[in-house]
Structures are given as structure tokens and as C-alpha cells.
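A structural walkthrough
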Amino acid sequence: MSGVFPHPRSRPTPESQQIGRTPSDCRGCWIRPFLPVAIAMMGVLVLLILFCMAYLLGEWSQSQDPLFYVFTVFSFTSVIDLIISLEEDGYISGFMEFYLKEGEPYLRTAYGIMICYWDGIVHYVLYLAMIMAITQRKNYRTLGLYWLGSLMMSIVVFLPGNMLGKYSSEIRPSFLLNVPYILIPIWAGMRLFSQPKSLPCCTAEKVVAEQQRSLYQRPLDLGLILFLMVAATFTFFRGLVVLDCPSDSCFNYIYQYEPYLRDPVAYPKVQMLVYMFYVLPFFCLGIYGLLRPGCTWLPDWALVFAGAIAQAQFSHVGSSLHHHTPYPYRTPEEVWWVFLLTNVLYALGPHLLAYRCLHSPGFFQPAAPTGQDGIKKHQ
């Protein structure tokens with residue numbers, strides 16, 4: 001409360017309160033319980049209008065790809081997210097205050113601000129690039145898979161974090177506006193995986209020669225395997241930390257290096273559990289794919305997980321250092337460099353794996369009989 005109560009002796013009686021109350025004191029009081037529902041309905045209406053506008057724009061551009069409409073609408077919502085993050089950090093004001101108060105107050109957390117920055121900058125650039133590729137009838141499968149992993153990671157952490165953390169009691173009907181971000185990416189992912197791959201040309205002889213090389217003749221793959229082993233161990237360790245493992249190493253780590261993992265908003269806990277149950281198995285499968293030739297699934301999933309881990313690490317690191325995070329849960333200044341170096345390397349490794357799979361895909365293609373003219377593109 002911003003006001004100051006008068007002394008009890010001078011406090012007016014209920015009758016004087018009723019008589020002295022001005023009409024402006026209770027103006028709009030009757031509508032306040034309906035504000036969350038009204039905001040949610042307005043959000044749905046805005047999304048429908050945007051889809052109609054995107055459809056008309058697609059008809060005008062003669063685009064035959066339905067993902068054109070998805071990327072067009074989502075690019076608009078990315079701009080809204082960027083405005084939210086800039087307003088919460090004090091760079092602008094007066095745009096989204098009402099929505100954040102009555103609609104989605106959890107976006108005011110450090111994690112909410114970070115995912116808005118990521119959506120408003122990285123996702124926005126990806127949307128524009130994919131829209132341009134669609135209009136020019138070019139292949140955008142690589143960008144699409146990276147976007148898919150990034151968006152899905154933000155959703156699987158953000159939504160459970162809202163329901164489990166300290167903001168669980170402040171979930172409003174506007175929370176349902178996140179449902180399209182669950183359903184549409186699933187549909188978009190199925191379309192992206194069904195598109196033809198665009199990989200460098202590899203002759204059958206080159207594929208055979210690449211797959212016959214031992215691990216010691218592939219130093220980059222050996223380095224990636226070592227990284228994946230270390231990253232898998234680190235992922236498992238941080239999973240134990242958020243599960244309240246009683247060991248001294250877990251206790252020291254959560255208090256000295258990443259106290260943000262104790263934040264009651266629950267986003268960091270959910271993030272580490274997602275790492276443990278989804279990213280950790282991928283690291284193990286990545287090791288298998290680098291040891292056994294012909295794993296055609298690895299290039300695609302390496303792209304998906306590279307986008308997912310990039311989004312997750314940006315949001316996690318940014319939240320650990322952001323001023324909206326309470327001081328006891330921020331990363332101590334004396335361990336900043338260790339914290340940043342560890343988490344940057346953790347995010348860099350999957351990108352190196354994706355680059356290796358895309359730049360030299362012969363090892364991951366199915367073995368072809370020697371004497372074939374070549375494999376132009378692995379469909």
C-alpha cells in the first residue's frame with residue numbers, strides 16, 4: 001500500500017467513510033474481477049486478426065507454405081516480447097504495464113525478461129530469415145530446426161515453472177495464450193522434418209572413405225566425444241543439485257557458484273531437470289552417433305538441441321546475473337568468470353557438434369555401394 005493510515009483516534013467511522021467517498025474511489029471496482037478474462041479474450045482476438053492478416057499477405061505473395069503464416073504471426077509477438085523486456089529493464093515505459101500486472105505477472109521475473117529478449121531478438125531474426133527464404137522458394141530446414149529446438153525449450157521450462165514456482169497462485173486466463181506455442185511448434189516440427197535435407201554433395205567413395213576412418217584419425221570427433229562425456233557428467237551433477245543431493249560437493253556448488261538454482265521461481269530447477277532427462281540422453285546418443293557410422297538422425301537432432309541449449313543457457317545465465325533476481329540468489333561476483341566460462345562452453349559444444357554434422361555429413365550418411373556415381377543429396 002502506498003498510502004499512510006491515519007491515527008486510530010482520527011480514523012473516520014464507516015458512515016463517514018461511505019459519505020465522504022468520492023465516485024472516483026470506486027470507479028471501475030466492479031470490472032476488476034473480469035479484467036483477466038477480458039485480457040485473455042483480447043489476446044485471442046489479436047491472434048486471430050494477425051492470422052487473418054498473415055493469410056491475406058500470403059495470398060498476395062502467392063506463398064504455398066503454411067509455415068509462412070506461422071512465422072509472420074510469431075514475428076509480431078516477438079516484437080511484443082522485446083517491448084516487454086525493454087520496459088522491465090527501464091529502457092522504455094508505459095507500453096505493457098497493464099498487461100504485465102493483470103495478464104502475465106511472471107514475465108516480470110528475471111527468467112521472463114530473458115526469454116522475452118531471446119524471443120524478441122534471436123527468434124525475430126530467424127522468423128525474418130525463414131520468411132524471406134519462403135518467399136524466395138529457398139530451403140530453410142536448417143534454420144527451422146534450430147528455431148524449433150529453441151522455442152520448445154523455452155516452453156517446456158517456462159510453463160511448468162509458472163505452475164510450480166511462487167507465481168503459481170497468480171496464473172490468469174491469459175496463461176492460455178501460451179497454448180499455441182505448444183501445439184503449433186509440434187505441427188511445424190513435423191513439417192520441417194518431412195522437408196528434404198540440403199547437404200553438401202558426397203560421392204559414394206567419399207562416404208565409404210569417411211566411414212572407414214578410425215576415431216584416432218578424426219581428432220575433431222574425438223574432441224567432441226570428450227566434451228559430450230564431460231557435459232553429460234556436469235548435466236547429471238546439476239540435476240542432483242536441484243534434487244537436494246546431500247553431498248558436500250552439491251551443497252558447496254549451489255551456495256558458492258549457482259545460488260540461482262535455489263530461487264523459488266522454480267525456473268532454474270525445471271531447467272536442470274529438463275537437462276537431466278532430455279539433454280543428458282542426447283549427449284549419450286551423440287557419443288554413439290560419433291562412434292558408429294551411418295546415424296542419419298544425428299545432424300537433424302544436433303540442430304534441434306543446439307537451438308534448445310542456446311536458448312536455455314542464455315536465459316539461465318542472464319537470470320543468474322539479472323537485477324530482478326533477489327540478491328541472495330544471484331551468482332557471486334568472485335565466481336563470475338568461472339560461472340560464465342563453464343556455461344558458455346556448455347552452450348558452445350552442441351553448436352560445434354551441429355557444425356561438424358552439417359559441414360562434413362559423409363560419416364552420417366548410409367553406406368552406398370562403391371561405384372555409384374554419387375550421392376548428390378541425402379533425402
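Reading guide: rules and limits
Residues numbered from 1 in each chain as written. Predicted model: local features only at pLDDT ≥ 70, side-chain atom pairs only at ≥ 80, totals over all residues. Heavy atoms only, no water. Patch = residues over 30% accessible without salt bridge, like charges linked within 9 Å, V, L, I, M, F, W, Y side chains within 5 Å. Areas by Shrake-Rupley, 256 points an atom, 1.4 Å probe, with all protein chains shown as cover. Salt bridge = Lys/Arg side-chain N within 4 Å of Asp/Glu carboxyl O. Helix = DSSP H or I, 4+ residues; strand = E, 2+ residues; numbered from the N terminus. Buried < 20%, exposed > 50% of the residue type's maximum accessible area, 1.4 Å probe, protein only. pLDDT = per-residue confidence, 0-100. Contact = heavy atoms within 4.5 Å. Axes fitted to C-alpha atoms, helices over the stretch in contact; angles between N-to-C directions. Parallel < 35°, antiparallel > 145°, perpendicular 65-115°, else oblique. Left-handed = near helix turned anticlockwise from the far one by under 90°. Nonpolar A, V, L, I, M, F, W, Y, C, P; charged D, E, K, R; others polar. Expected span 1.5 Å × (residues − 1). Phe/Tyr/Trp six-rings, centres within 6.5 Å; stacked < 30°, edge-to-face > 60°. Lys NZ or Arg CZ within 6 Å of the ring centre and 35° of its normal. Core = buried A, V, L, I, M, F, W, Y, C linked by side-chain atoms within 4.5 Å.

Structural notes on a nonpolar patch on the surface
- Side chains of Leu176, Val179, Ile182, Leu183, Ile186, Trp187 and Met190 sit close together on the surface and give an oily, nonpolar patch of about 650 Å² of accessible area.
- Examined against the element boundaries, Leu183 turns out to sit in helix α7 (residues 180-194).
- The exposure class of Leu183 is exposed, given its relative accessible area of 55%.

Comments concerning the confidence of the model for the chain
- Per-chain confidence: the chain averages 82 in pLDDT, with 79% of residues scoring 70 or above.
- Below a pLDDT of 50 lies the segment residues 1-26, which in the model reaches three contacts outside its immediate sequence neighbourhood of four places, other chains included.

Description of the environment of Gln365
- In this structure, Gln365 sits in the segment after α13 (336-359).
- The exposure class assigned to Gln365 is buried, which follows from its relative accessible area of 2%.
- It is 9.0 Å that separates the C-alpha atoms of Gln365 and Gln211, two residues lying 154 residues apart in sequence.

Re the packing of helix α9 (residues 219-242) against α13
- Taken N-terminus to C-terminus, the directions of α9 and α13 make an angle of 140 degrees; their axes are 10 Å apart at the nearest point. As the angle between them shows, α9 and α13 are arranged oblique. Two packed elements cross with a definite hand, and for α9 against α13 that hand is left-handed. On the side of α9, the interface is formed by Leu220, Asp221, Leu224, Phe227, Leu228, Ala231, Phe234, Thr235 and Arg238, while α13 contributes Thr342, Asn343, Leu345, Tyr346, Gly349, Pro350, Leu352, Leu353 and Arg356.
- Residue composition of the contact of α9 with α13, grouped by class: 11 nonpolar, four polar and three charged.

Concerning α9
- Taking 1.5 Å of rise per residue, the 24 residues of α9 would be expected to cover 34 Å, and the 35 Å separating its terminal C-alpha atoms lies within 8% of that figure.
- Regarding α9, the residues found buried are Asp221, Leu224, Ile225, Leu228, Ala231, Ala232, Phe234, Thr235, Arg238, Gly239, Val241 and Val242.
- Next to the buried residues of α9 lie α10 (248-256), α11 (267-291), α12 (298-321) and α13.
- Note on α9: the residue one or two positions beyond its end, Asp244, has a positive phi of about 65 degrees.

Section: the packing of aromatic side chains
- Overall, the coordinates contain 23 aromatic pairs when judged by the stated rule.
- Among the aromatic residues, those joined into a ring-pair cluster are Phe193, Phe234, Phe237, Tyr253, Tyr257, Tyr275, Phe282, Phe283, Trp301, Phe305 and Tyr346.
- The ring centre of Phe363 lies 4.2 Å from the NZ or CZ of Arg218, which sits over that ring.
- Just above the ring of Tyr346 sits the side chain of Arg238; from NZ or CZ to the centre is 5.3 Å.

Quick look at the nonpolar core
- In this structure, Phe71, Phe74, Trp147 and Phe283 are the most contacted members of the largest nonpolar core, which totals 84 residues.
- The dominant element in this core, judged by the number of residues it contributes, is α11, at 11 residues.
- Not counting the four nearest positions on each side in its chain, Phe71 is found in contact with Tyr127, Met130, Ile131, Ile134, Tyr140 and Trp147.

A few points about the packing of helix α5 (residues 110-135) against helix α6 (residues 141-164)
- Packing of α5 against α6 brings their axes to within 11 Å, and their N-to-C directions diverge by 160 degrees. The angle between the axes of α5 and α6 places the two elements in the roughly antiparallel class. The hand of the α5/α6 crossing is left-handed. Contacts between α5 and α6 involve Tyr111, Ile115, Trp118, His123, Leu126, Tyr127, Ala129 and Met130 on the former and, on the latter, Leu143, Gly144, Tyr146, Trp147, Ser150, Leu151, Ser154, Val157 and Phe158.

Digging into the environment of Glu88
- Here Glu88 is to be found in helix α3 (residues 67-88).
- Looking at Glu88, the relative accessible area reads 12%, which means it is buried.
- In this structure, the C-alpha to C-alpha distance between Glu88 and Leu100, residues 12 residues apart in sequence, is 9.6 Å.
- Discounting chain neighbours no more than four positions away, the residues touching Glu88 are Leu100, Arg108, Ile113 and His324.

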